[in-house]
Amino acid sequence: TSVQWSNSGSTLAVGSRSGKISLWDIKSQNCIREYRPHSSRIGCLSWHGQLLASGSRDRGIFVHDVRLRHDPTNDSFVATHRQEVCGLAWSPCGSYLASG
C-alpha cells in the first residue's frame, strides 16, 4: 500500500495491494474516484499538480491526469522496469519523472 498527499493537500491518493488507486477528498472525507491501472501492489505514488504517477510490483509506471474522468485511454504508460517500481519523484520543474 502507498499513500501520497496532493500538492494542495486537499486530496489523498491511496494505492492498494490489488493495484487499485483511490482518491479521497479530505474536506468531505469521501472517496471521489477509484480505478485499477495496475495488476499488482502499488508501491509508490507521486503528484505533480493534477498529474499522479503510480509505480507497481507489476513493474509498470502510469501517469494519470486526475481532472479527467477515468478511462484507460487517458492513462499514459511511461515505462516498464525489470523489477518492482519502489520509488517515483518528479523534478522541481515537473518535466521529468525519476523512478527506481
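All values derive from a computational prediction rather than experimental measurement.

Reading guide: rules and limits
- Per-chain numbering applies: the sequence of each chain, read as written, is numbered from 1 onward.
- The predicted nature of this model means local features are confined to residues of pLDDT at least 70 and side-chain atom pairs, given and counted, to a pLDDT of 80 or more, with totals for whole chains, interfaces and linings taken over all residues.
- Remark: hydrogens and water are excluded; side-chain values derive from all non-hydrogen atoms of the structure.
- Secondary structure follows DSSP: runs of H or I at least 4 residues long count as helices, runs of E at least 2 residues long count as strands, and numbering of each begins at the N terminus.
- The quantity called the radius of gyration is restricted to C-alpha atoms. Its globule counterpart is 2.2 Å times the number of residues to the power 0.38.
- Contact definition: two residues touch when any of their heavy atoms are within 4.5 Å.
- Only the protein chains shown count as cover for residues, and all accessible areas are computed by the Shrake-Rupley method using a 1.4 Å probe.
- We treat Lys and Arg as the positive residues and Asp and Glu as the negative residues; His and chain ends play no part in the count.
- Lysine's charge is taken at NZ, arginine's at CZ, aspartate's at CG and glutamate's at CD.
- In this description, strands pair whenever DSSP reports at least two bridges between them.
- The axes are straight lines fitted to the C-alpha atoms, using for helices just the contacting stretch, and the angles between their N-to-C directions are given from 0 to 180°.

Caption draft 1: Representation of the overall build of the protein chain in the model. If you tally the helices and strands in the protein chain, you get zero helices and 10 strands. Going from N to C terminus, the protein chain has its helices and strands arranged as β-β-β-β-β-β-β-β-β-β. Taking 13 Å as the expected radius of gyration for a compact globule of 100 residues, we find that the protein chain reaches 12 Å, a close match to that expectation. Contacts in the protein chain between residues at least 24 apart in sequence constitute 35% of all its contacts with a sequence separation of at least 6. As displayed, the protein chain offers around 5900 Å² of accessible surface, 48% of which is attributable to carbon and sulfur atoms. A distance of 5 Å separates the average location of the 11 positive side-chain charges in the protein chain from that of its 7 negative side-chain charges.

Caption draft 2: Looking closely at the sheet that holds strand E5 (residues 42-48). Sheet architecture is open: four strands sit in the order E5-E6-E7-E8, paired in antiparallel fashion. Bordering the open sheet on either side are E5 and strand E8 (76-80), each of which pairs with just one other strand. If you compare each strand with its neighbour and ignore which way they point, the axes differ by 20° on average. Note that strand E7 (residues 60-65) and E8 share four bridges and pair antiparallel. Note that in E8 the partner of glycine 60 across the bridge is threonine 80.

On their own, these measurements won't tell you what the molecule is for.
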